[in-house]
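Each chain, letter by letter, is given below.
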Amino acid sequence: MAVFTKKIMITGGAGFIGSHVVRLFVKKYPQYLIVNLDALTYAGNLANLKDVESAANYKFEKGDINDEKRIGELFAAYQFDAVIHLAAESHVDRSILDPLAFVRSNVLGTAALLNVSLRFWKDDLKDKLFYHVSTDEVYGSLGAEGFFTEDTPYDPRSPYSASKASSDHFVMAYYHTYGLPVILSNCSNNYGSHHFPEKLIPLMINNILNNRSLPVYGKGENVRDWLYVEDHARAIDTIFHKGKTGDKYNIGGFNEWKNIDIVHLLCRIMDKKLNRAEGDSAKLITYVKDRPGHDLRYAIDATKLNKELGWTPSLQFEEGLEKTVDWYLQNQDWVKEVTSGDYQKYYSEQYGKAH
Ligand code: NAD
Ligand code: DAU
């Protein structure tokens, strides 16, 4: 094996955000060995990493973060210096259908990974790092005013956010109790290429393209704070290299949108790209039953990350959304592959046969 200055395990690297983080690290740091550990659930797809799969500093290992024996063997084989942990069940609607799957991967899986990391590192914690990637949803729901800061108390309200909050607490518990060097970041909603089409933006793009109805929950008034996925990956790079051990950082784009406004914007962009008459795609909008416990508004205050580590988002939303739509239009094979089979079953369970 070549001599690498760092050996990093990235979990969940075959998923949406994980694949962008793997790509960034593999390309930017040829001196690091990047090992992608992923169970390849419905959300994991090695096609997301085609462009780096044969890089000399990249390896894929299939495995579940709950499998302590397998993770231990990988630690022994690769002698990791750091873990960047993204593997998780990530979809709120699925967490409402099957909460225990979220407890297994997000809570028990994170605890298992912390446990193995501590076991291998405890005699020499110097220059080791467990970086945990989390979400703004742990902070709960905002009213019309205010922002989440790093000091906002946790108030998770969905099975997904409760499982992520619990994993965050375990990470901090390993720091305080055992001295495991950790860093945590909490990011707002991501969008961009390779996003599984069960989340709002890629689902709407795919449905507009296929003239399928556009299911907007409730009145479409809920607000999310959107960040381009490559900006999230850059933030993780910055925090990984410059962040303070034991600290946490919020990541967000100061970019709040009501869901219905995003859907209208996507309709306008796609009317142009598909040569449809203006207003055609918007006719597909259908208001459907609201998500139970639907958080009204998320908004991240990312001042600390900007002031202390100098990170800023690079893209304006409209520009990022255009790039995203173009990627989906140019990668229809990818979309067809991930929307075949189980996806259709999930879709009818979530939206009913009529949609
Ligand atoms: P994703 O669902 O697209 O990908 C998750 C990946 O984890 C998949 O490749 C899947 O195969 C893998 N995985 C799931 N369970 C596993 C297990 N038990 N063992 C090993 N691998 C497993 O998710 P994403 O949207 O890329 O999110 C990645 C991380 O970022 C998650 O921790 C999520 O909570 C967090 N996050 C996501 C967003 C967002 O907007 N998507 C925002 C903030 C934080
Ligand atoms: O805030 C960060 C979180 O963002 C991440 O931690 C999660 O992993 C990620 O999935 C995302 O969660 P959301 O629930 O905000 O994302 P989603 O794309 O599922 O929904 C965005 C908004 O759009 C939300 O208010 C629900 C609404 N929605 C979603 C779908 C799928 C609809 O109105 N219709 C839909 O069909």
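Residues numbered from 1 in each chain as written. Chains lettered and ligands numbered in written order. Predicted model: local features only at pLDDT ≥ 70, side-chain atom pairs only at ≥ 80, totals over all residues. Heavy atoms only, no water.

**Q** Even after reading the chapter, I still don't get the pattern of salt bridges, so can you show me in this structure?
**A** Any two side chains of opposite charge can pair if their charged atoms end up close together. Scanning all chains against the criterion turns up 18 salt bridges. Where arginine 234 meets aspartate 231, a salt bridge forms, and the shortest distance between an N and an O atom there is 2.8 Å. Of this pair, arginine 234 and aspartate 231 are both found in helix H7 (residues 229-242), 3 residues apart, which corresponds to roughly one turn of the helix. Notably, a salt bridge pairs glutamate 322 with lysine 273, separated by 2.9 Å at the nearest N-O pair. Of this pair, glutamate 322 sits in helix H10 (residues 317-330) while lysine 273 sits in helix H8 (residues 259-273), and the two are 49 residues apart along the sequence. What makes glutamate 322 partly exposed here is its relative accessible area of 35%. (Salt bridge = Lys/Arg side-chain N within 4 Å of Asp/Glu carboxyl O. Helix = DSSP H or I, 4+ residues; strand = E, 2+ residues; numbered from the N terminus. Buried < 20%, exposed > 50% of the residue type's maximum accessible area, 1.4 Å probe, protein only.)

**Q** What am I meant to see in the site of ligand 1 here?
**A** Neighbouring residues of ligand 1: 29 residues in total, closest Ile17, Asp38, Ser90, Tyr160 and Lys164. Take phenylalanine 16: an N or O atom from its main chain is 3.1 Å from an oxygen atom of ligand 1. In the environment of ligand 1, an oxygen atom lies 2.9 Å from a nitrogen or oxygen atom belonging to the backbone of leucine 86. Among the elements of the structure, helix H1 (16-28), strand S5 (129-135), helix H5 (159-178) and strand S7 (189-191) are those that each provide at least two residues to the shell around ligand 1. Considering every element that reaches the shell around ligand 1, the biggest residue donor is S5, with 3 residues. When the residues that make up the shell around ligand 1 are grouped by side-chain class, the tally is 13 nonpolar, 12 polar and 4 charged. (Near = heavy atom within 4 Å. Polar contact = N/O pair within 3.5 Å; in protein donor to acceptor, adjacent residues only side chain to side chain. Nonpolar A, V, L, I, M, F, W, Y, C, P; charged D, E, K, R; others polar.)

**Q** Before we go on, may I ask you to explain a nonpolar patch on the surface in this structure?
**A** The grouping of Leu100, Val103 and Leu108 at the surface amounts to a nonpolar patch, some 260 Å² of accessible area in total. Structurally, leucine 108 can be placed in helix H4 (residues 99-121). Residue leucine 108 is classed as partly exposed on the basis of its relative accessible area, which comes to 47%. (Patch = residues over 30% accessible without salt bridge, like charges linked within 9 Å, V, L, I, M, F, W, Y side chains within 5 Å. Areas by Shrake-Rupley, 256 points an atom, 1.4 Å probe, with all protein chains shown as cover.)

**Q** Is there a simple way to explain the site of ligand 2 in this structure?
**A** The local shell around ligand 2 holds 24 residues, among which Asp136, Tyr160, Arg291, His294 and Tyr351 are the closest. One of the backbone nitrogen or oxygen atoms of tyrosine 217 is found 2.9 Å away from an oxygen atom of ligand 2. One of the side-chain N or O atoms of asparagine 259 is found 2.9 Å from an oxygen atom in ligand 2. Coverage of ligand 2 by the protein amounts to 95% of the 690 Å² it exposes when considered alone. Listing elements by their share of the shell around ligand 2, those giving two or more residues are helix H3 (92-97) and strand S8 (214-217).

**Q** Sorry if this is basic, but what is going on with the sheet that holds strand S3 (residues 58-62) here?
**A** Two modes of strand pairing occur in sheets, parallel and antiparallel, and in both the strands are linked by backbone hydrogen bonds. What the 7 strands build is an open sheet, ordered S3-S2-S1-S4-S5-S6-S10; its pairing is parallel. Single-partner strands in this sheet number two, and they are S3 and strand S10 (248-251). Sheet twist, expressed as the mean angle between neighbouring strand axes with direction ignored, is 20 degrees. As defined by bridge partners, strand S4 (residues 82-85) adjoins S5 across 4 bridges and the pair is classed as parallel. Across the sheet, the residue bridging to isoleucine 84 is tyrosine 131, located in S5. (Pairing = 2+ DSSP bridges. Axes fitted to C-alpha atoms, helices over the stretch in contact; angles between N-to-C directions.)

**Q** Can you help me understand the sheet that holds strand S11 (residues 256-258) in this one?
**A** Within the open sheet, the 3 strands sit side by side as S7-S9-S11. Their pairing is mixed. Both outer strands of the open sheet, S7 and S11, are each paired with one neighbouring strand and no more. Across this sheet, the average inter-strand angle for adjacent strands is 50 degrees, counted without regard to direction. Here strand S9 (residues 223-228) runs beside S11; their pairing, made up of 3 bridges, is antiparallel. Looking at the pairing, arginine 224 lines up with tryptophan 257 of S11. On top of the sheet, H7 reaches S7 and S9; it is set at about 70 degrees to S9, its chief contact. (Contact = heavy atoms within 4.5 Å.)

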